[in-house]
Amino acid sequence: WNIKYGVEFLTTLCVTRIFFGGFHAKKAYVCKMSMAITFVCVMLASVIFKNISFTSLVLVLFGSFIVALPFVPVKHPNKNMTKEQRNRNKLSGVISYLIFSLLACLSWKYIDNTDGIIIALSLCAVTVLVIIGSFINWQEVKT
């Protein structure tokens, strides 16, 4: 596999998750394992969806964004944020998500469709991690 796909994955996932939050493991080995599993899933999914149409790519990006939006930024018991900080993170996260979505579309259209698919699937992975983090942290933050 091409190393640029790994760089695309890490850049998209890490930059977006800085603002959106998501699943945070309590143990370092669980964190490393979940990151490795996420990477492998994105790479395998990119092979499965290598012939995805541009319209489908846009629909996946839009759907993933809409699903994530109500949950972000993910509340975490170890990271209390003021309403202003939450709003700022949400706005920054939305902007980064939209920039990466645009980059995915442009890459798919003008560079290589695999690049666009990797970026789009990385954003989908962020959405999955946001949902997992929201449900795991919900009870802890609530109390």
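Look up a bit, the structure's there.
The present account deals with the structure reproduced in this document. Nothing here was measured: the structure is a model prediction, and the numbers come from that model. (Residues numbered from 1 in each chain as written. Predicted model: local features only at pLDDT ≥ 70, side-chain atom pairs only at ≥ 80, totals over all residues. Heavy atoms only, no water.)

### A few points about the packing of helix α1 (residues 3-20) against helix α2 (residues 28-48)
Close contact between α1 and α2 brings their axes to 11 Å; oriented N to C, the two are set at 120 degrees. Our classification of the angle between α1 and α2 gives oblique. Judged by the twist between their axes, the crossing of α1 over α2 is right-handed. Of the residues in α2, those touching α1 at Tyr5, Gly6, Phe9, Leu10, Leu13 and Cys14 are Met35, Thr38, Phe39, Val42 and Met43. Taken together, the residues of the contact of α1 with α2 break down into nine nonpolar, two polar and no charged. (Axes fitted to C-alpha atoms, helices over the stretch in contact; angles between N-to-C directions. Helix = DSSP H or I, 4+ residues; strand = E, 2+ residues; numbered from the N terminus. Parallel < 35°, antiparallel > 145°, perpendicular 65-115°, else oblique. Left-handed = near helix turned anticlockwise from the far one by under 90°. Contact = heavy atoms within 4.5 Å. Nonpolar A, V, L, I, M, F, W, Y, C, P; charged D, E, K, R; others polar.)

### Quick word on the layout of surface pockets
Within this model, the largest pocket holds a volume of roughly 380 Å³. Elements that contribute at least two residues to the lining of the largest pocket include exactly α1 and α2. When residues of the lining of the largest pocket are assigned to their parent elements, the largest contribution, six residues, is made by α1. The residue makeup of the lining of the largest pocket, split by class, is 13 nonpolar, seven polar and two charged. (1 Å grid on protein atoms, 1.4 Å probe; cavity = no way out; pocket = protein on both sides within 12 Å on 5 of 7 lines; lining within 4 Å. Points joined across faces, edges and corners; volume = space filled by probe spheres on them.)

### Quick word on the side chain of Ser64
Counting through the fold element by element, Ser64 comes out in helix α3 (residues 54-68). Each residue touching Ser64, except ones within four places of it in the same chain, is listed here: Tyr97, Leu123, Cys124 and Thr127.

### Examining a nonpolar patch on the surface
Together, Leu102, Leu106, Tyr110 and Ile111 make up an exposed nonpolar region whose accessible area comes to about 480 Å². Here Ile111 is to be found in helix α4 (residues 83-111). With relative accessibility at 64%, the residue Ile111 sits in the exposed group. (Patch = residues over 30% accessible without salt bridge, like charges linked within 9 Å, V, L, I, M, F, W, Y side chains within 5 Å. Areas by Shrake-Rupley, 256 points an atom, 1.4 Å probe, with all protein chains shown as cover. Salt bridge = Lys/Arg side-chain N within 4 Å of Asp/Glu carboxyl O. Buried < 20%, exposed > 50% of the residue type's maximum accessible area, 1.4 Å probe, protein only.)

### Remarks on α4
With 29 residues, α4 extends 40 Å between its outermost C-alpha atoms, agreeing within 8% with the 42 Å of an ideal straight helix rising 1.5 Å per residue. The complete set of buried residues in α4 reads Asn89, Gly93, Val94, Ser96, Tyr97, Phe100, Ser101, Ala104, Cys105, Ser107 and Trp108. (Expected span 1.5 Å × (residues − 1).)

### So, the nonpolar core
Phe20, Leu57 and Leu61 are the most contacted members of the largest nonpolar core, which has 31 residues in total. Mapped by element, the contributors of at least two residues to this core are α1, α2, α3, α4 and α5 (113-142). The dominant element in this core, judged by the number of residues it contributes, is α5, at 10 residues. Phe20 has contacts with Ala68, Val72, Pro73, Val74, Lys90, Gly93, Val94, Tyr97, Val126 and Val130, leaving out every residue within four places of it along the chain. (Core = buried A, V, L, I, M, F, W, Y, C linked by side-chain atoms within 4.5 Å.)

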